[in-house]
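# Survey of secondary and tertiary structure
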Amino acid sequence: MLNWLYSLSIIALSVFLYGVLNDRKLSRLPPAAEALSPVRFTPQGVLAAAAALSEAPIAIHDFLPPKTGRRYIVVGGTGFVGGWIVLQLLQRGEDPKRIRILDIRAPTRPDLRTGAAQQVAFFQVDISDEKAVSKAFKAPWPDAAATESEPETTVFHTAANIRFYERLLALLPLSTKVNHHGTLNVISSSKEIGASTLIYTSSGSVAVRRSRFWLWPWEKEPQFFVQVLNDDDKLTPKHHSHFFSNYAASKALGEKAVRTADRSPSGQSRTLRTGCIRPGNGSFGPGGDILCGAYLVRKYNPHWVKRILQSFIYVENCALAHLCYEQRLMELERGSSNPDIGGQAFIVTDAGPPPTYGDVHTALTTLDNETVFPVFPVTFMLGISHIIELICSTKALLLTSKSSFGRIVANVIPTISGDTVNLQPSLFALTSVHLIFDDSRARLPPNQGGLGYNGPYTTLQGLCKTAEEHLKADRNGEERSKAGGISFGRFSRRVNNVQKKVREQLRVEAVNSLN
């Protein structure tokens, strides 16, 4: 008996010591990463930045390309980035009757339900339904009778199913249904109506390499612990197991389809020019993000990534990049001598050095004292994530089984509900590595092959604006924000209510709508 207890205690001590040592390795800010961003946020610096932004607000209108008078179809236009593209089109003077939104749910954002945005037509469409997409694209425009010639059409495709927590190849179809096949439907419908420009919201994560976090005692850090990423296609993983998750793999397929469609015939006499924007890495801001704005909405945010350094992009910068790409392609259509950048992908981020997650936490807790970030041990949470993945994946696979017995067993397995489903190993593959995105090519002037992108917000300024808008809204957030992140039950009841409401009203799974 004593020998058994002794052996058990030795095992327990070994596991504990391994967890402590592994935590230290995974929580390091390596010199290679710190050299790219050596200065950390302080509460005093955050308050000074907020005060400066309040006294001299950034006017995004001053950075927008000029009005075009075109027709616009924004796929995913009630969502986060898509909604901001709609707003920026209106800000620069586009006719709201020449803008059309296709999305799976109606607008809920106040800024999309007031002012000129109220006049924008909305079509409720599941983009995985080819016929529904075609019908919405071909629907008559309000100004059709008043125009002598058919205006050119630009399509912005921002819709996506963000199942970032899945990585099994067998579950890939759950992501490709929207992110690849839905994109093919958008491309096909764009050609049917004779669209001349298609800009696709890809993801900076398509180039992120999956890492292994269970380190041997002699290993110093994970492989690919520090990743400096640019537009080089050679950096994109070539095997499914190298992508951080199914989301990235499916977005890579969607991006490839859009880039391949460049210069293809469109309508009776036009040519479709295409391009892709890769936001790098986390897009955040007012309007329903699932990152920094979601932190404010949840308030209680368990974390283990304080010293992880990553690039961010504020949403107004991100939307601006899409309009810049459209402008460059339009100039090429008019005979510009600038380098032809059609069919390419451009990474875009905020200006300045990237912050750590700890910097983001410092900013948000300073600006809203109700937001907290309790620290959890990373190795312990990694172990929990594998258990959750085992439960979720087994249930999902059995539900798709042809065996009736398998489906019966699936119904016995408990459902991981709420935001706890996000805690799976793929989350670590994205958030527990240092990701520095280089958008220098996008910032080049057009005559040097760039987009002329110059997003005016730094990440700190974007955080200040996000917190300001959150407080103005009396700390109420969009439903999409309520479905992101992890709160371990403190927020899950509200998330479940959101998911139930979406299923009842739209008759689709919440993840297909909210994301």
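Refer to the structure above for everything that follows.
Residues numbered from 1 in each chain as written. Predicted model: local features only at pLDDT ≥ 70, side-chain atom pairs only at ≥ 80, totals over all residues. Heavy atoms only, no water.

Within the protein, the secondary structure is distributed over 18 helices and 12 strands. Computed over C-alpha atoms, the radius of gyration of the protein comes to 23 Å, within 12% of the 24 Å expected from 2.2 N^0.38 for 515 residues, which places it in the range of a compact globule. Each principal axis of the C-alpha atoms in the protein carries an extent, and together these give about 95 × 60 × 45 Å. Here the protein, with 515 residues, has 55% of them falling under the buried criterion. Residue pairs in contact within the protein that sit at least 24 positions apart in sequence constitute 81% of those at least 6 positions apart. When the accessible area of the protein is evaluated, it comes to approximately 22300 Å², of which 57% is carbon and sulfur surface. (Helix = DSSP H or I, 4+ residues; strand = E, 2+ residues; numbered from the N terminus. Rg over C-alpha atoms; globule rule 2.2 N^0.38 Å. Buried < 20%, exposed > 50% of the residue type's maximum accessible area, 1.4 Å probe, protein only. Contact = heavy atoms within 4.5 Å. Areas by Shrake-Rupley, 256 points an atom, 1.4 Å probe, with all protein chains shown as cover.)

Bringing the nonpolar core into the picture now. Across soluble globular proteins, you tend to see nonpolar side chains buried next to one another. By size, the foremost hydrophobic cluster in this structure holds 96 residues, and its most contacted members are Trp304, Phe428 and Leu451. Ranked by residues supplied to this core, first place goes to helix H10 (residues 315–333) with 10 residues. Once you skip the residues sitting within four places of it in the chain, leucine 451 turns out to touch Ile277, Ala321, Cys324, Tyr325, Arg328, Ile341, Phe346, Arg441, Ala442 and Leu444. Among the nonpolar cores identified, the runner-up in size contains 23 residues, and Val75, Val178, Val186 and Ala195 belong to it. (Core = buried A, V, L, I, M, F, W, Y, C linked by side-chain atoms within 4.5 Å.)

This paragraph deals with helix H4 (residues 80–91). Between its first and last C-alpha atoms H4 spans 17 Å; for 12 residues at 1.5 Å apiece the expected length is 16 Å, and the two agree. Taken residue by residue, H4 has Phe80, Val81, Gly82, Gly83, Trp84, Ile85, Val86, Leu87, Gln88, Leu89 and Leu90 as its buried positions. The positive-phi residue at the C-terminal boundary of H4 is glycine 93, with phi of around 105 degrees. (Expected span 1.5 Å × (residues − 1).)

Glancing now at the pattern of salt bridges. All chains considered together, the criterion is met by 27 salt bridges. For glutamate 221, the salt bridge identified is with arginine 28, shortest N-O distance 2.9 Å. Placement of the pair is glutamate 221 in the loop between strand E5 (197–201) and strand E6 (226–229) and arginine 28 in the loop between helix H1 (2–26) and helix H2 (31–34), with a sequence separation of 193 residues. Classification of arginine 28 as partly exposed rests on a relative accessible area of 22%. (Salt bridge = Lys/Arg side-chain N within 4 Å of Asp/Glu carboxyl O.)

With that settled, consider the layout of surface pockets. Taken as a whole, the second largest pocket holds about 450 Å³ of empty space. Lining the second largest pocket are 24 residues; nearest its centre among them are Pro286, Gly287, Glu469, Ala473 and Asn476. Those elements giving two or more residues to the lining of the second largest pocket turn out to be helix H9 (292–298) and helix H15 (459–472). The leading source of residues in the lining of the second largest pocket is H15, at 5 residues. Of the residues contributing to the lining of the second largest pocket, the split by class is 7 nonpolar, 9 polar and 8 charged. (1 Å grid on protein atoms, 1.4 Å probe; cavity = no way out; pocket = protein on both sides within 12 Å on 5 of 7 lines; lining within 4 Å. Points joined across faces, edges and corners; volume = space filled by probe spheres on them. Nonpolar A, V, L, I, M, F, W, Y, C, P; charged D, E, K, R; others polar.)

Attention now moves to the environment of glutamine 461. Checked against the element boundaries, glutamine 461 lands in helix H15. Measuring from C-alpha to C-alpha, the distance between glutamine 461 and alanine 12 comes to 46 Å, with 449 residues separating the pair along the chain. Excluding its chain neighbours within four sequence positions, the residues that come into contact with glutamine 461 are Leu53, Ile58 and Pro456. Polar contacts involving the side chain of glutamine 461 include one to the main-chain amide nitrogen of threonine 458, which spans 3.0 Å. (Polar contact = N/O pair within 3.5 Å; in protein donor to acceptor, adjacent residues only side chain to side chain.)

With that out of the way, let us pick up unusual backbone geometry. The amide bond that connects glycine 280 to the next residue, asparagine 281, takes the cis arrangement and shows omega of 0 degrees. Counting through the fold element by element, asparagine 281 comes out in the loop between strand E8 (270–279) and strand E9 (282–284). Positive phi outside glycine occurs at phenylalanine 224, with the angle close to 65 degrees. If you trace the backbone, phenylalanine 224 turns up in the loop between E5 and E6. With relative accessibility at 27%, the residue phenylalanine 224 sits in the partly exposed group.

Within E5, 5 of the 5 residues are buried, leaving the element largely enclosed by the surrounding structure. With burial as the criterion, each face of E5 is covered, one bearing Thr197, Ile199 and Thr201 and the other bearing Leu198 and Tyr200. Bridge analysis of strand E4 (residues 153–157) against E5 gives 4 bridges, and the strand direction is parallel. Bridge pairing in E5 links phenylalanine 156 to isoleucine 199. Relative to E8, E5 is paired through 5 bridges, and the arrangement is parallel. Note on E8: the bridge partner recorded for threonine 201 is isoleucine 277. (Pairing = 2+ DSSP bridges.)

The values are spatial; any link to function lies outside them.
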